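In case you want the letters, here they are:
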Amino acid sequence: MVAVRHSTKLGPWLAVASFCAVVFPRDSFLAPRRAEADRGPSNNNNGNNGSPPKAVKPRASSRRPARAKDLPLTKEGCLEEVLAKLVTSHVPVMPAPEVKARMQLLHADPAVFLIPDFWPKEACQRLINAANSSGEIRQSSITGQGIYAGEERQIRTSGSVVMKPEMARRYNAEDLVRRLIRDLVGTLGVGCAGAGQVSKLLTSEYPQVVRYERGQYFTDHEDAFAASKARVDNYQRRVTLLVYLNDVEKGGATRFPKLGFQVKPRQGQALLFFPSFANGRPDPRTLHSAEAAEDEKWIAQVWIGSPMPSHRR
Ligand SMILES: O=C(O)CCC(=O)C(=O)O
Ligand SMILES: [Fe+2]
């Protein structure tokens, strides 16, 4: 198995607040630490038992909680039940009612949510413009055990810019970066531990903006760190949020080969899933990839993490 590291500086953008509706990232940071994965593509590179992943068509908004097609758990397919289970299995998610009404359940166990119209088109375009005008987009970083210089290009060929505060400020995107965290915590209620309380243990890595030019891709990988690595660093990724910043007509789908579906990028849509269990072990079912883009693709991406349970003080 190839071991992969995503290289992203960690910063406590996620301020801890009493009420999840009013959470903003902090401007001052604790000493940044490296968040590196040595967990990489597991064994499955070619989809689900050789059959091509099915496209997932976004559904129209509905006041009723959404149900995923082909749910592996027929009795647990209801959005409410999936949210209830997440509290103990992975991380609590308590979306605001108007968001919950729009949330689509793409997969029940493990939970994968799609939120159409998470961000307005104008905000998406502004973040693309900020990343573009920064001139700081570099080969997306992956280094790790067993990977030699140059090999990372075979695993991930996209370009990224890490939206650190000074960068966001310089390119007029500070409000958007703050909004990304605020929406993730305040609107989607990630980490809300009941009665509006946000877990004090969660922190956010610096958001990244990623560009895939024609032919660029990211092969099968897990976002969580190997448990051994997470224990040493006392940090594990708990939540992945991807916001698709543009419509991508051809290529660029996010694929979940073990779950048998893929998501076509639509501007403003968000994809939410949980790369590790509550006990800090990676959830290998969340293996995913970005298929090669034909049309240019832009995403914003943010990881929320926490200390490993046994290290909690
Ligand atoms: O671009 C995508 O669709 C997936 C990106 C991803 O998995 C990542 O950045 O970790
Ligand atoms: Fe990923």
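First, a word on scope: everything that follows refers to the structure included in this document. (Residues numbered from 1 in each chain as written. Chains lettered and ligands numbered in written order. Predicted model: local features only at pLDDT ≥ 70, side-chain atom pairs only at ≥ 80, totals over all residues. Heavy atoms only, no water.)

1. Overview of the environment of Leu202
Right, so step 1: Looking at the secondary structure, you find Leu202 in the loop between helix 6 (174–187) and strand 8 (203–204).
Right, so step 2: Taking C-alpha positions, Leu202 is 8.6 Å from Arg238, a pair spaced 36 residues apart along the chain. (Helix = DSSP H or I, 4+ residues; strand = E, 2+ residues; numbered from the N terminus.)

2. Section: the coordination of the iron ion (ligand 2)
Right, so step 1: Here the iron ion (ligand 2) is held by the protein donor atoms His221 (NE2), Asp223 (OD) and His288 (NE2), which lie 2.1 to 2.2 Å from it.
Right, so step 2: Here the donor residues of the iron ion (ligand 2) share one chain and are spaced in sequence as H-x1-D-x64-H. Residue Asp223 is located in the loop between strand 10 (218–221) and helix 7 (227–233), and its partner His288 is located in strand 15 (residues 288–290); the two are separated by 65 residues in the primary sequence. As far as the burial class goes, Asp223 and His288 line up, both buried. (Donors = N, O, S within 2.8 Å, 3.2 Å for Na, K, Ca; no water. Buried < 20%, exposed > 50% of the residue type's maximum accessible area, 1.4 Å probe, protein only.)

3. Details of the site of ligand 1
Right, so step 1: Lining the immediate surroundings of ligand 1 are 14 residues, of which Tyr212, Thr254, His288, Lys297 and Gln301 lie closest.
Right, so step 2: Tyr212 places a polar side-chain atom, nitrogen or oxygen, 2.6 Å from an oxygen atom of ligand 1.
Right, so step 3: Between ligand 1 and the protein, one listed contact pairs an oxygen atom with a side-chain N or O atom of His221 at 3.1 Å.
Right, so step 4: Contact with the protein chains covers 100% of the free accessible surface of ligand 1, which is 300 Å².
Right, so step 5: Mapped onto the shell around ligand 1, the elements with two or more residues apiece are strand 10, strand 15 and strand 16 (297–306).
Right, so step 6: For the shell around ligand 1, the element with the highest residue contribution is strand 16, accounting for 4 residues.
Right, so step 7: Split into classes, the residues belonging to the shell around ligand 1 amount to 6 nonpolar, 5 polar and 3 charged. (Near = heavy atom within 4 Å. Polar contact = N/O pair within 3.5 Å; in protein donor to acceptor, adjacent residues only side chain to side chain. Areas by Shrake-Rupley, 256 points an atom, 1.4 Å probe, with all protein chains shown as cover. Nonpolar A, V, L, I, M, F, W, Y, C, P; charged D, E, K, R; others polar.)

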